[in-house]
Amino acid sequence: MTEQKSFKRLVRARMERTGESYTTARRHVLKDARPTGQMHDSWLLREMLDDEWSEAMLAGLAGGIGFMYFVFEYKGHTPTMTIVARHHPAPFIPTALAHADIAHDVTSTTSARKAEKQLRDADGPVICLLGKEKHPVGVLGTDGDTVTVHNYGTSVQPLAEFMTSWGQGRHEMISIGERTGAPDVAAAVRMTCEHLTGPVLGNNFDVNFGFSGMRKLAEQLRDKGKKGWAQRWADDPGFVKQRLHNCLEVEYTAPGATRPLYAEFLDEAGLPGAQEFRESGRLWSEIANGGDYDDLADKVDEARSIEERAIRQLML
């Protein structure tokens, strides 16, 4: 990568928006602050593309919303639950870039030396996926033995330190090129609809995805037996409230299970369903606060019914 090329591009983009001097704009870009976006991945991609796209449009092009519900049980351990509310399992950022018709290359290597060379040679924005969780961070440039990283704010880090955090597993990197055509909004919406209403993986796990997964969640919330939440977490109700909040408001999602952000995308694209997804987002935020399991099940059913109505509009 030309030394700090992407970083300077981000600074100049801010100068154009604000009229600030290079020094002032650089100081603001380097500020250690949390992002102002609604979801880390869509915020980061918007930043790396110099605000050319709205966060809502990029999130929608990535597939926007989805639903996956799993309970993992291991002998001798308290069961753990996860809900993924955004589109899944297609990789979020590459899917957004593909539907935006932006050239990109996804590479993966176990060689730290090769990964560092790829990072230094990159001629455009780069997103690296860190750790087992594949947390995406932007790389704005390398300069000798340091690297400028855009994550929650922008910071300059020792390159060796960054390579260690990046290399917990495979070194995965998304190199972003130029836009080559018009965004394919129709394909993105079709994928969202298909994964909410039909098979996702093509195997027995599909019962946990989409509207089927919502039905399963409601059933287990009401179940008074061993599969029900009342028995599974009888000794740790605080775990349930924390997990619901994290899964529906924070982790791999935007607030309201990503539904309000998807509503913004539909408005921007001139498509129906935005009102319904804002309403279902309100319900998912109420579910995230926890409460009586039967009441939560009723809200899950109501949210699903509203979303089924919205998807029928989008599929016309």
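Scroll up a little and you will see the structure.
**Student:** I tried to follow the layout of surface pockets on my own but got confused; where do I start?
**Tutor:** Over the atoms, a rolling probe the size of a water molecule traces out where space has been left empty. What the largest pocket holds in volume is close to 870 Å³. Looking at the lining of the largest pocket, the elements that each hand over two or more residues are α3 (40-48), β2 (80-86), α5 (92-99), β5 (135-143), β8 (171-179) and α11 (237-250). Considering each element in turn, the lining of the largest pocket owes the most residues, 3 residues, to α5. When its residues are assigned to classes, the lining of the largest pocket shows 16 nonpolar, 7 polar and 9 charged.

**Student:** What's the story with the nonpolar core in this structure? I'm lost.
**Tutor:** Soluble, globular proteins show a tendency: their nonpolar side chains are buried together. By size, the foremost hydrophobic cluster in this structure holds 70 residues, and its most contacted members are Trp 229 and Trp 284. Among the elements that take part in this core, helix α14 (residues 293-315) stands out by supplying 9 residues, more than any other. Membership of the second largest hydrophobic core comes to 15 residues, among which are Ala 115, Cys 128, Leu 159 and Trp 166.

**Student:** Whenever I open this one, the sheet that holds strand β7 (residues 153-158) confuses me. Can you help?
**Tutor:** Each strand in a sheet pairs with another by means of backbone hydrogen bonds, the pair being arranged parallel or else antiparallel. Strand order in the open sheet made by the 6 strands is β3-β8-β4-β5-β6-β7, with antiparallel pairing throughout. Every interior strand has two partners, whereas the edge strands, β3 (102-109) and β7, have only one. Neighbour-to-neighbour, the strand axes of the sheet open up by a mean angle of 30°, direction not taken into account. Note that β3 and β8 share 7 bridges and pair antiparallel. Bridge pairing in β8 links Thr 109 to His 171. Sitting on the sheet, α3 touches β4 (126-130), β5, β6 (146-151), β7 and β8, and the angle it makes with β5 is about 25°. Against the sheet, α5 contacts β3, β4, β5 and β8, and its axis sits at roughly 150° relative to β3.

**Student:** Please explain empty space enclosed by the protein as it appears in this structure.
**Tutor:** In the structure shown here, the tally under the stated rule is 1 cavity of 30 Å³ or more. For the largest cavity, the calculated volume is near 60 Å³. Contributing to the lining of the largest cavity are Ile 65, Gly 66, Phe 67, Arg 86, His 87, His 88, Thr 192, His 195, Leu 196, Val 200, Phe 209 and Gly 210. Counting residues per element, the ones that place at least two in the lining of the largest cavity are β1 (65-72) and α8 (185-197). Per-class residue counts for the lining of the largest cavity are 5 nonpolar, 6 polar and 1 charged.

**Student:** I'm lost on the pattern of salt bridges in this one. Help?
**Tutor:** Pairing is possible between side chains of opposite charge, provided their charged atoms come close. Enumeration over the complete set of coordinates arrives at 20 salt bridges. In this structure, the salt-bridge partner of Glu 308 is Arg 215, at a minimum N-O distance of 2.9 Å. A residue pair is termed long-range when its members are at least 10 positions apart, and Glu 308 in helix α14 and Arg 215 in helix α9 (residues 210-222) qualify at 93 residues. With a relative accessible area of 15%, Glu 308 lands in the buried category. Residue classification places Arg 215 among the partly exposed positions, given a relative accessible area of 37%. Arg 222 is paired through a salt bridge with Asp 298; the nearest N and O atoms lie 2.8 Å apart. Here the residue Arg 222 occupies a position in helix α9, and Asp 298 occupies one in helix α14, the gap between them amounting to 76 residues. Overall, Arg 222 belongs to the partly exposed group, its relative accessible area being 31%. Assessed through its relative accessible area of 44%, Asp 298 is described here as partly exposed. Because the salt bridges share partners, they merge into one network encompassing Arg 215, Arg 222, Asp 298, Asp 301, Arg 304 and Glu 308.

About the criteria used
Residues numbered from 1 in each chain as written. Predicted model: local features only at pLDDT ≥ 70, side-chain atom pairs only at ≥ 80, totals over all residues. Heavy atoms only, no water. 1 Å grid on protein atoms, 1.4 Å probe; cavity = no way out; pocket = protein on both sides within 12 Å on 5 of 7 lines; lining within 4 Å. Points joined across faces, edges and corners; volume = space filled by probe spheres on them. Helix = DSSP H or I, 4+ residues; strand = E, 2+ residues; numbered from the N terminus. Nonpolar A, V, L, I, M, F, W, Y, C, P; charged D, E, K, R; others polar. Core = buried A, V, L, I, M, F, W, Y, C linked by side-chain atoms within 4.5 Å. Buried < 20%, exposed > 50% of the residue type's maximum accessible area, 1.4 Å probe, protein only. Pairing = 2+ DSSP bridges. Axes fitted to C-alpha atoms, helices over the stretch in contact; angles between N-to-C directions. Contact = heavy atoms within 4.5 Å. Salt bridge = Lys/Arg side-chain N within 4 Å of Asp/Glu carboxyl O.

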